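Spelled out, the chains give:
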Amino acid sequence: MKPLLRVVRNQARNLSRLLRGQAVVVPSLGSMTLGRDDIELAQYLLANRAEWDWSDYREQYERKFAAWNGSYCAFAFQDGRVALSAAFVALELQPGDEVILPGYTCVVVDNALRFAGLKPVYADIEQQTYGLDIDSVRQRITVKTRAILLHHLYGLVCRDFDDLLTLARKKGLRVIEDCAHSTGATYRGVKVGNFGDIAFYSSEQSKVFSTSRGGIAVANNPEIANRLGREADRIPVSEELFVERQLHSVILNYYRHRCAEKWWRGDVAELKYGRSKMLSTSLMEQEQRKPTDYMRRMSPAIARLGINQLAKVDDMNEQRRVTACRWEDWCDRHGYVKPTVIENSVPVFLRYPVMVSPEMKTKTSWALDELGISVGLWFLGNLHPNMGRVPGCPRADEAVQRCINFPCLLEHE
Ligand SMILES: Cc1ncc(COP(=O)(O)O)c(C=O)c1O
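All values reported here derive from a predicted model rather than from experimental measurement.

> Describe helix H5 (residues 107-115), and please don't skip the residues or the numbers.
With seven of nine residues buried, H5 lies mostly within the body of the structure. For H5, the set of buried residues is Val 107, Val 108, Val 109, Asp 110, Asn 111, Ala 112 and Leu 113. Once H5 finishes, Gly 117 follows within two positions and takes phi at roughly 75 degrees, a positive value.

> I'd like to hear about a nonpolar patch on the surface, residue by residue, with values.
Together, Leu 4, Val 8 and Leu 271 make up a nonpolar patch on the protein surface, roughly 300 Å² of accessible area in all. Structurally, Leu 4 is set in helix H1 (residues 3-19).

> Let's hear about the packing of helix H4 (residues 80-90) against helix H8 (residues 222-234): which residues, and what values?
Viewed as axis vectors pointing N to C, H4 and H8 meet at an angle of 125 degrees, and their least axial separation amounts to 8 Å. The orientation of H4 relative to H8 falls into the category oblique. Two packed elements cross with a definite hand, and for H4 against H8 that hand is right-handed. Residues Ala 86, Ala 87, Val 89 and Ala 90 of H4 form the contact with H8, whose participating residues are Ile 224, Arg 227, Leu 228 and Glu 231. For the contact of H4 with H8, the per-class residue count stands at six nonpolar, no polar and two charged.

> Describe the nonpolar core, with residues and values.
Counting 132 residues, the largest nonpolar core has Phe 77, Tyr 104 and Phe 406 as its most contacted members. Of the residues forming this core, the biggest block, 12 residues, is contributed by helix H12 (residues 300-334). Apart from the residues within four sequence positions on either side, Tyr 104 is in contact with Ile 125, Tyr 130, His 151, Leu 153, Tyr 154, Trp 378, Phe 379, Asn 382, Ala 396, Ala 399, Val 400 and Cys 403.

> If you had to explain the site of the ligand to someone new, which residues and values would you point to?
Near the ligand, the surroundings consist of 15 residues, among which Gly 80, Arg 81, Asp 178, His 181 and Ser 202 are the closest. Here an oxygen atom of the ligand and a backbone polar atom of Gly 80 are 2.8 Å apart. In the complex, the protein chains occlude 97% of the 380 Å² of accessible area that the ligand would expose alone. Of all elements in the fold, only H4, H5 and strand E9 (198-202) reach the threshold of two or more residues within the shell around the ligand.

> So what about the pairing of strand E12 (residues 351-355)? Which residues, and what values?
With five of five residues buried, E12 is to be regarded as a mostly interior element. Of the two faces of E12, the one holding Arg 351, Pro 353 and Met 355 and the one holding Tyr 352 and Val 354 are both buried throughout. Here E12 runs beside strand E14 (residues 403-407); their pairing, made up of five bridges, is antiparallel. Looking at the pairing, Tyr 352 lines up with Phe 406 of E14.

Calculation rules
- Residues numbered from 1 in each chain as written.
- Predicted model: local features only at pLDDT ≥ 70, side-chain atom pairs only at ≥ 80, totals over all residues.
- Heavy atoms only, no water.
- Buried < 20%, exposed > 50% of the residue type's maximum accessible area, 1.4 Å probe, protein only.
- Helix = DSSP H or I, 4+ residues; strand = E, 2+ residues; numbered from the N terminus.
- Patch = residues over 30% accessible without salt bridge, like charges linked within 9 Å, V, L, I, M, F, W, Y side chains within 5 Å.
- Areas by Shrake-Rupley, 256 points an atom, 1.4 Å probe, with all protein chains shown as cover.
- Salt bridge = Lys/Arg side-chain N within 4 Å of Asp/Glu carboxyl O.
- Axes fitted to C-alpha atoms, helices over the stretch in contact; angles between N-to-C directions.
- Parallel < 35°, antiparallel > 145°, perpendicular 65-115°, else oblique.
- Left-handed = near helix turned anticlockwise from the far one by under 90°.
- Contact = heavy atoms within 4.5 Å.
- Nonpolar A, V, L, I, M, F, W, Y, C, P; charged D, E, K, R; others polar.
- Core = buried A, V, L, I, M, F, W, Y, C linked by side-chain atoms within 4.5 Å.
- Near = heavy atom within 4 Å.
- Polar contact = N/O pair within 3.5 Å; in protein donor to acceptor, adjacent residues only side chain to side chain.
- Pairing = 2+ DSSP bridges.

Here it is in C-alpha cells:
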C-alpha cells in the first residue's frame, strides 16, 4: 500500500475510535526495541555518511557480541539468513547434502539451504516449545544427512535440546542453532548458540534486538571460526541504498509503533520515510528466488546501531520475562496450555506462544477488545510467511492453524 493511502486509512481509523471513546491503536511491530537514542543515532548516521565505512565499528560490534554471548567469535551480516548461508560454507556442507530442519520455520531459512544447493528435510515439531521433535528427527536421518538445524522458537530453549545434541554427536552430524528468536536465552547457565557447531542470531525489526535488518553468526571451534571469518571477509558490504533504507526504517518504526498516544507522529514519518520501508522478506524471497544483493556483510553504520541495542538487550529480556507472567496467568485462568520452560533454561520470551482455536487465530479482534493488544500470527504456514505446506509434519500443521503469540515487550514510550 502507498504511504499516503496508509496514512489516510490510519487517520480515519483512529479518529473513528476516538469519536467512539475507544483507545487509539498503532500497528504492532512484534517486538519494539527502539528508543530515542536509537533514532538519534540513525539521524546522526544519515547526516554523516562519510562514517558509514568505518569498519572499526563492525569489528567492535562483533567483539562485543561475542564477549556478551560467551562465544569465541562473531561475524555480522546483512541478515540472519545470510549468517546462516555463511554458516553452511564454514561447515563445508556440499550441494546435495541433506539438512534436517523444523517443518515450522521461516521461508528464508529454507531458502538459505536451497540457495546453497542443500536438500531441506523437514522434521515435525513438538508443541511444548515448538522445537524439533527428537523422534521425528531420528526418522529423517539417511546416509546423506550432514546436519541438524534446530531452533529455539519464541525465545524458548527447545524441549529436546539435550537429545538432539546427543543424537547428532552419535551420528557425526553438524548442529546449527537457529537463535533468531532467542538472543540471550540460556541453558545450564550458557547462552544458546554455544552448544552446536555454529549458530546465528537475527536483529531484524521484530526480533529480540533490532537493527531493522541484520544477523550474526558465532562459532567456538577455531577451524570453523576461521572459515566463517574468511567467508565474511569475502563478501561485499550492504549497498548504500540498503543502509539508507535501514536507517529510515528505524526512524519510521520508532514513530509508527512506539507510542499509541502520539499516533500522528507515525503518520508524519510515514509520509517522509514510507517509501523506504523495508520488507523483512522480499517478494522474490517469498517466491524462493535469490536476490542479487543477498550475500552481504553488515555495514559498519548498522553495526553502530547493533552496539547501541546490545547494551539494552538484558534489560529488555528481563521486561519480557515479567510480561510473560501476565500471559501465564491468562492461560491458567482461561484453561490454555502454557508453553514449557525446560529445566535449567532461562527463556527470553520474544513472544509468548499459545494454542487457541483456529477461529481465534483467523479473527483476532477479540485480543484487542479483551486484552488491548494485537496478537502475532507466527507462523502462517510451515514456511512463514508463505502459506504453503510441507509434508509429514502434522504437529507443525496444527500449530500453523492454532498457534498465536502475545507481545512481551510493551510498546510505550
Ligand atoms: C525462526 C527464524 N529463523 C531465522 C529467521 C531469519 O532471520 P533474518 O530475518 O534476520 O534473516 C527468522 C526470521 O526472520 C526466523 O523467524
